[in-house]
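So the chains spell out like this:
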Amino acid sequence: MEAQLKKSFPLFLAAIWHYINLPKPTDVQKDIANYLQTGSKRMVIEAFRGVGKSFVTSAFVLWLLYRDRELKIMVVSASKDRALAFSHFTKKLIAEVPFLQHLQPSSDQRNSVEYFDVGGCKSDQSPSVKSVGITGQLTGSRADVIIADDIEVLNNSATQTARDKLSELVKEFDAILKPLPTSRIIYLGTPQTEMSIYNQLPERGYDVRIWPALYPTDSELIAYGSKIAPYILDRRTDDNIGLTTDPQRFSDDDLAERKLSYGKAGFALQFMLNTSLSDAEKYPLKTSDLMVMDVPRQKAPVLLEYGSSYDQVIQDLPSVGLAGDRFYRPMFIDPERAEYTGRVMAIDPSGKGKDETAYAVGFMLNGNIFVPDAGGVKGVGYSDEVLVTLCNIAKKHQVNAIVIEENFGSGMFSELFKKHLHRIYPCMVIDERVSSMKEKRIIDTLEPVIDQHRLIFDRSVIEKDMRDNEYRMEYSLFYQMTRITAERGALRHDDRLDALSLMVSYWVKQMAADDRAKAEEWRTAQLEAEFENFMTGIVGFKEERTDNSWLHLGSGSFG
């Protein structure tokens, strides 16, 4: 039995699962286990969220040591806490599984949560197993095998700066790895962004294999290329496209519910491992089309000019946008100032199950919309605390009107809000009912304004958005802005972007109304001018013809 366990990691995995009372490994888990055993020296395993990668990784580490207790293994996780959790679980398996108990460290061996030796190994500078966060102390020891277990998470890959930092950190693996023919670097993970670090690894000599949660469509197969696991490809038929690849783990109904919960974009990353982009067409809103400056509270520049040269890049302001997306300052700011022609605040009330109420404030001047404040107020939308906070925000910015999306509670939020508003800051409230598809409505509203560089954000709005949502990036206004697509359910959370769209929509309608009014004024002025010219001509004609014959001119003469 020992010889069989040493020969086959899938068998070893099944034995481990049996002793800790887990169900038998699924077919997908066994295929991943087989690839871990037989794969190349440098390999990447991308598997859908929930497949049990960390459990499989822990078992794989123990299998390696079961076969050769002199191996030195480093497991790198996204954070110190995740690394410690991995180490704790691995040590627990050694203590509880009978055929692994001989690997327990003796009293004179290293035996901490972060690193430990296995029983019977020779003394060495490096421990048998070292678990460390990607930003922790990677150097100082050598390893025969380095396993990067889910090192990419949203908060260390959402911005280009963070992605660059992560990309540099993993280069340390080559300095740690022993220069032996049997040495290996193995990544196991789920991509968190469209610019995932896993996309860069093939250029560094890594083999990538992907196990999606659903059998892929033809277009998805093209996106995966040769990376799709042969196990998936061999079992894919015309009849099972779009169905679960691992029914023992997730049913079709379960995955359908998760798709609704994560949104299409999130599901494509977390469960389909699809990081392909169609750039401008798929993600039309970009931070690089905004302008960022210190938005004045009273008078604003009458003219701003957009520029996207290197000199305009705001280097110390990270963007959560896609590759190449940056924030830019205006190329030219007119020294002449003028009063804003209007100030408005938009509110997207939080409904059942939501934990914040989103808002956006916008000032108007000469067709430009200045945004001094935008964000979310935590708490149930109709609580007094939230309502009072929103009233005070309106008061702070001296808005002329407050637009509220009416869909929530058929106007109930508006009525509750007005009671506090009347006491704190009496102001006009406009209930706005929307009924079209949300994603298309938001894009149709924002894209023309953003593309024309008419949306100007105060720098503090971006800084606050990053600070407040560092560990929950899906709530970030600018993350939502750069990830929305025209597909229904594209985002899991879109409240802040919806509030911004509501505010911009108000000004777009006002500008359209002003344009119609100006056009009507122009037409009226033209008619009056024509009439005046006509009457001047008539009077001149009357003065020249004293016989009153002009009174008998036919109507055709007036054509």
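Given the structure is predicted, the values throughout are model-derived calculations rather than measurements.

## With respect to the overall build of the protein
Here is step 1: Helix and strand counts for the protein stand at 17 helices and 18 strands.
Here is step 2: A compact globule built from 559 residues should have a C-alpha radius of gyration of about 24 Å, whereas the protein, at 32 Å, is more than 25% larger.
Here is step 3: For the C-alpha atoms alone, the extent of the protein along its principal axes is close to 130 × 55 × 50 Å.
Here is step 4: By residue count, 51% of the 559 residues in the protein fall in the buried class.
Here is step 5: Restricting to contacts in the protein with at least 6 residues of sequence separation, those with at least 24 account for 71%.
Here is step 6: Accessible surface, the protein as shown: approximately 26500 Å² in total, 50% of it carbon and sulfur.
Here is step 7: Here the protein contributes 68 positive and 79 negative side-chain charges, whose respective centroids are spaced 7 Å apart.

## Some points on the environment of arginine 236
Here is step 1: For arginine 236, the position within the fold is in the loop between α9 (230-235) and α10 (252-270).
Here is step 2: Measuring from C-alpha to C-alpha, the distance between arginine 236 and asparagine 111 comes to 47 Å, with 125 residues separating the pair along the chain.
Here is step 3: Excluding residues that lie within four positions of it along the chain, arginine 236 makes contacts with Tyr215, Pro216, Thr217, Asp218, Leu221 and Ile241.

## Points about helix α4 (residues 53-67)
Here is step 1: The end-to-end C-alpha separation of α4 is 21 Å, in line with the 21 Å expected for 15 residues at 1.5 Å each.
Here is step 2: Extensive coverage of α4 is indicated by the burial of twelve of its 15 residues.
Here is step 3: Of all the residues in α4, the buried ones are Lys53, Val56, Thr57, Ser58, Ala59, Phe60, Val61, Leu62, Trp63, Leu64, Leu65 and Tyr66.

## Examining the sheet that holds strand β8 (residues 291-293)
Here is step 1: Within the open sheet, the seven strands sit side by side as β8-β18-β15-β14-β13-β16-β17. Their pairing is mixed. Two strands close off the open sheet at either side, each with one partner strand: β8 and β17 (428-432). Each strand of the sheet is rotated relative to its neighbour by a mean of 30°, with strand direction disregarded.
Here is step 2: Alignment of strand β16 (residues 401-405) against β17, held across five bridges, turns out to be parallel. In the sheet register, alanine 401 faces β17, and the bridge partner there is methionine 428.

## Here's the deal with the sheet that holds strand β7 (residues 207-211)
Here is step 1: Spatially, the seven strands line up as an open sheet ordered β3-β4-β2-β5-β6-β1-β7, and their pairing is mixed. Only two strands of the sheet have a single neighbouring strand rather than two, namely β3 (115-116) and β7.
Here is step 2: Examined bridge by bridge, β3 and strand β4 (residues 129-133) share two bridges and lie antiparallel to one another. Across the sheet, residue phenylalanine 116 finds its bridge partner in β4, namely valine 129.

## Examining the side chain of lysine 130
Here is step 1: Within the fold, lysine 130 resides in strand β4.
Here is step 2: Buried and without a salt bridge, lysine 130 has glutamate 114 as its closest oppositely charged side chain, separated by 7.4 Å.
Here is step 3: A distance of 3.1 Å separates a polar side-chain atom of lysine 130 from the backbone oxygen of glutamine 137.

## Some words on the packing of aromatic side chains
Here is step 1: For the structure shown, the criterion picks out 24 aromatic pairs.
Here is step 2: Directly above the aromatic system of tyrosine 66 lies the positively charged group of lysine 6, at a separation of 5.8 Å from the ring centroid.
Here is step 3: Here the guanidinium or amino end of arginine 343 rests over the ring plane of phenylalanine 363, the centre of that ring lying 4.3 Å away.

## Describing the pattern of salt bridges
Here is step 1: Scanning the model with the defined rule gives 22 salt bridges in all.
Here is step 2: Glutamate 432 is paired through a salt bridge with lysine 509; the nearest N and O atoms lie 2.4 Å apart. Placement of glutamate 432 in strand β17 and of lysine 509 in helix α17 (residues 495-544) is noted, with a sequence separation of 77 residues between them.
Here is step 3: Residue aspartate 444 is joined to lysine 440 by a salt bridge in which the shortest nitrogen-to-oxygen separation is 2.8 Å. Of the two residues, aspartate 444 and lysine 440 are both situated in helix α14 (residues 438-451); the distance of four residues between them amounts to about one turn of the helix.
Here is step 4: If you follow the salt bridges from partner to partner, you end up with Glu356, Asp465, Arg472 and Arg496 in one network.

## Notes on the packing of α4 against helix α5 (residues 80-96)
Here is step 1: In contact at an axis separation of 10 Å, α4 and α5 are set at 55° when each is read in the N-to-C sense. In terms of orientation, α4 lies oblique with respect to α5. Regarding α4 and α5, the two cross each other, and that crossing is right-handed. Contacts between α4 and α5 pair Ser54, Phe55, Thr57, Ser58, Val61 and Leu62 from the former with Phe86, Phe89, Thr90, Leu93 and Ile94 from the latter.
Here is step 2: Residues of the contact of α4 with α5, tallied by class, amount to seven nonpolar, four polar and no charged.

## Concerning the side chain of asparagine 156
Here is step 1: Tracing the chain through its elements places asparagine 156 in the loop between β5 (145-149) and α6 (160-169).
Here is step 2: For asparagine 156, a relative accessible area of 15% corresponds to the buried category.
Here is step 3: From its side chain, asparagine 156 meets the backbone oxygen of isoleucine 151 in a polar contact 2.8 Å long.
Here is step 4: From its side chain, asparagine 156 meets the backbone nitrogen of valine 153 in a polar contact 3.0 Å long.

## Examining the packing of helix α2 (residues 9-19) against helix α3 (residues 27-38)
Here is step 1: For the pair α2 and α3, interaxial distance at closest approach is 8 Å and the crossing angle is 130°. Here α2 is positioned oblique relative to α3, judged by the angle of their axes. For the crossing formed where α2 meets α3, the hand is right-handed. Contacts between α2 and α3 pair Phe9, Pro10, Leu13 and Trp17 from the former with Gln29, Lys30, Ala33, Asn34, Leu36 and Gln37 from the latter.

## Observations concerning the nonpolar core
Here is step 1: One finds Phe9, Phe12, Leu36, Phe173, Tyr187 and Trp211 to be the most contacted residues of the largest nonpolar core, which totals 85 residues.
Here is step 2: With nine residues, α4 is the largest single contributor of residues to this core.
Here is step 3: Residues contacting phenylalanine 173, with those up to four places away along its chain left out, are Val76, Ile134, Leu138, Ile146, Ala148, Ile185 and Tyr187.
Here is step 4: One finds Val344, Ile450, Met473 and Met503 within the second-largest nonpolar core, a separate group that totals 44 residues.

Criteria and thresholds
- Residues numbered from 1 in each chain as written.
- Predicted model: local features only at pLDDT ≥ 70, side-chain atom pairs only at ≥ 80, totals over all residues.
- Heavy atoms only, no water.
- Helix = DSSP H or I, 4+ residues; strand = E, 2+ residues; numbered from the N terminus.
- Rg over C-alpha atoms; globule rule 2.2 N^0.38 Å.
- Buried < 20%, exposed > 50% of the residue type's maximum accessible area, 1.4 Å probe, protein only.
- Contact = heavy atoms within 4.5 Å.
- Areas by Shrake-Rupley, 256 points an atom, 1.4 Å probe, with all protein chains shown as cover.
- Lys, Arg positive; Asp, Glu negative; His and termini not counted.
- Charge placed at Lys NZ, Arg CZ, Asp CG, Glu CD.
- Expected span 1.5 Å × (residues − 1).
- Pairing = 2+ DSSP bridges.
- Axes fitted to C-alpha atoms, helices over the stretch in contact; angles between N-to-C directions.
- Salt bridge = Lys/Arg side-chain N within 4 Å of Asp/Glu carboxyl O.
- Polar contact = N/O pair within 3.5 Å; in protein donor to acceptor, adjacent residues only side chain to side chain.
- Phe/Tyr/Trp six-rings, centres within 6.5 Å; stacked < 30°, edge-to-face > 60°.
- Lys NZ or Arg CZ within 6 Å of the ring centre and 35° of its normal.
- Parallel < 35°, antiparallel > 145°, perpendicular 65-115°, else oblique.
- Left-handed = near helix turned anticlockwise from the far one by under 90°.
- Nonpolar A, V, L, I, M, F, W, Y, C, P; charged D, E, K, R; others polar.
- Core = buried A, V, L, I, M, F, W, Y, C linked by side-chain atoms within 4.5 Å.

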